[in-house]
Amino acid sequence: MTVRILIVDDEPAQMRALCDTLGAHGYETIGRSSSEAALQALRADSYHLLLADLMLPGMDGIALVQAARALDPDLACVIMTGEGSISSAVQAMQVGALDYILKPFRVSVILPVLSRALETRRLRIQNVLLEARLREHAVQLVRMNDDLRTAQQQADRANQAKSAFLSHLSHELRTPLNAILGFAQILLSEKLASTEAQKKQFVGNILTGARHLLKLSNEVLDLAKIESGRLELHLEAVPVGDVLEECRTLVDPQARLRGIGMRCTSAEHLCVRADRMRLKQVLINLLSNAVKYNRDHGAISVQCTESGHDTVRIAVQDTGCGLSAEQQAALYQPFNRLGQESGSQDGCGLGLVLTKHLVEKMGGELGLVSTVGLGSTFWLTLPLAVAPVVIPSLAVLPTTHEEPAQSVTPAAGSTAVAD
Ligand SMILES: Nc1ncnc2c1ncn2[C@@H]1O[C@H](COP(=O)(O)OP(=O)(O)O)[C@@H](O)[C@H]1O
Ligand SMILES: [Mg+2]
């Protein structure tokens, strides 16, 4: 790229000589005879360097340098002066000129001054760019620092939550384990003779403690699987009516013990897209809660309806103690039993946390409407699924060869056990 130099001198012969000499050295030169004309040229076009005489009629060289740099801060300015006015040249440099040349000129002196000034201009521009980039980096660094701090805070909170979870868990493990150990020791003890009826009772207590531990460990394992993203779901079209009936059968004995009636209504052939085993786990959790936190001789009603375009809503309504607004706000916190710790109902406060995760993983929502003293309705939604088509004629077709009967393993862990 050719370097453009604007030369300002009111002596036409000198200006022409400068233009020709510098033009012969590869510069593109434009001459002007006054500061005003020079400023006009600067407004119309861009130049690399301004070579201005100090003494000019009207606006002098110093004022020109000042005005020119206001127009283009990158412009390199060099002042030409006679020997008598060096102090003015210094003044010009104070307002932004990079150098000065003493008259009369010699090419061997002018050329190095111009290349020095141009190099300074290049470095200045580079500096400005570097500074901008540095500022940008600084902003990025601040942003990264903020992100890091937020991540650190999140990690700290997660760590605290994990520690709280572990300390709750060890407490939950210790209570039934101590009971199991205590009753087993009494049974073994020769000094503490117990009747047959008492022995049966102690074994019963051991079984209760062991079941509690089994349920607890199953739920903790499920939660860990969900948190680490290892929970595998086998989503398929599941007929809600069938699954509800299976769950009702499992929870009914518990309900009967306390004279609680259970009624389930479901639109026929309604199917949801869900993992059958996990849906059962969810429904058993909600039904057993509806029994546990119900009043004696209360009622439970389960309603399954198509809600909206492609959603199924299952609502489990009870006539129990209900939950206050504060209790509802603290729902779904691991091990938080919302005051039931001292109650007669067994539990560890993980069921609803797990239920919520499972429902959400299957693409649904879990919610609650509750009034203290009247009861609660826990509801969930799941995506509607198209029922698999069964072709009746296929069922009676004779098979050409005998398939070995497949063994059906019962659903693992807590899923089949009502608490
Ligand atoms: N249907 C309900 N009616 C009243 N309170 C309930 C109901 N379901 C759950 N809760 C409250 O929510 C708490 C947490 O429930 P959950 O996670 O199932 O744990 P757990 O039943 O093991 O205590 C219960 O301890 C109870 O205080
Ligand atoms: Mg529960």
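Sequence positions are assigned chain by chain, starting from 1 and proceeding in written order. Throughout, the order in which chains and ligands are written sets their labels, letters from A for the former and numbers from 1 for the latter. Restriction of local features to residues with pLDDT of at least 70 applies here, the model being predicted, together with a cutoff of 80 or more for giving and counting side-chain atom pairs; totals for whole chains, interfaces and linings are based on all residues. The basis for the side-chain values is all heavy atoms of the structure; hydrogens and waters are excluded.

A.B. asks: Explain the overall build of the chain here, please?
C.D. replies: Counting its secondary structure elements, the chain contains eleven helices and twelve strands. Throughout, the radius of gyration refers to the C-alpha atoms, and the reference size of a globule is 2.2 Å times the residue count to the power 0.38. The globule rule puts the C-alpha radius of gyration for 419 residues at 22 Å, and the 44 Å found for the chain is more than 25% above it. Dimensions of the chain along its principal axes, counting C-alpha atoms only, are 130 × 70 × 50 Å. The burial tally for the chain puts 36% of its 419 residues in the buried class. Across the chain, contacts joining residues at least 24 apart in sequence account for 70% of those joining residues at least 6 apart. Where accessible areas are quoted, they stem from the Shrake-Rupley method and a 1.4 Å probe; at the residue level, only the protein chains shown are allowed to cover. Accessible surface, the chain: about 24300 Å² in total, of which carbon and sulfur atoms supply 57%. Secondary structure elements are taken from DSSP: a helix is a run of H or I of four residues or more, a strand is a run of E of two residues or more, and numbering for both begins at the N terminus. Note on classification: 1.4 Å probe, protein chains only; a residue is buried when its accessible area is under 20% of the maximum for its type, exposed when over 50%, partly exposed between these limits. Residue contacts are defined here by distance: any two heavy atoms, one from each residue, within 4.5 Å place the two residues in contact.

A.B. asks: Mind showing me how you'd approach the packing of aromatic side chains here?
C.D. replies: Aromatic ring pairs are reported here in terms of the distance separating the ring centres and the angle at which the planes meet. Put simply, two rings from Phe, Tyr or Trp (the six-membered ring, in Trp's case) pair if the centres are within 6.5 Å, and we call them stacked under 30 degrees between planes, edge-to-face over 60, tilted for the rest. Enumeration according to the criterion identifies two aromatic pairs in this entry. Between F165 and F335, the aromatic rings sit 5.0 Å apart at their centres with planes inclined by 55°, giving tilted as the arrangement. In this pair, F165 sits in helix α5 (residues 107-188) while F335 sits in the loop between α9 (325-329) and α10 (351-361), placing the two residues 170 residues apart along the sequence. Judged by relative accessible area, F335 falls into the buried class, the value being 6%.

A.B. asks: Whenever I open this one, unusual backbone geometry confuses me. Can you help?
C.D. replies: Negative phi values dominate among residues other than glycine, just as trans dominates among peptide bonds. Note that the residue after K103, namely P104, is joined by a cis bond; omega there is -5°. Its place among the elements puts P104 in the loop between β5 (99-102) and α5. Of note in the backbone geometry, H297 takes a positive phi value of approximately 60° without being a glycine. On the secondary structure map, H297 appears in the loop between α8 (276-292) and β9 (299-307). Located in the positive-phi region is Y332, a residue other than glycine, with phi close to 65°.

A.B. asks: In this structure, what is going on with the pairing of strand β3 (residues 49-53)? I would like to understand it.
C.D. replies: For a regular strand, side-chain orientation follows a simple rule: the groups alternate between the two sheet faces. In terms of burial, β3 is a largely internal element, five of the five residues being buried. Residue alternation in β3 divides its side chains into two sets, L49, L51 and D53 and L50 and A52, and both sets are buried. The pairing of β3 with strand β4 (residues 76-81) spans five bridges and is parallel. Paired with L50 across the two strands is C77, which belongs to β4. A crossover gets the label right-handed when its path from the first strand over the helix to the second runs clockwise, viewed with the strands pointing away from the viewer. Since β3 and β4 lie parallel, the crossover through helix α3 (residues 61-71) that links them has a hand, and here it is right-handed. Any two strands are treated as partners once DSSP identifies two or more bridges connecting them.

A.B. asks: Explanation requested: the environment of V312 in the structure shown.
C.D. replies: Position of V312 among the secondary structure elements: in strand β10 (residues 311-318). Setting aside its immediate chain neighbours within four residues, V312 contacts L270, C271, V272, C304, T305, E306, S307, L380, T381, L382 and L384.

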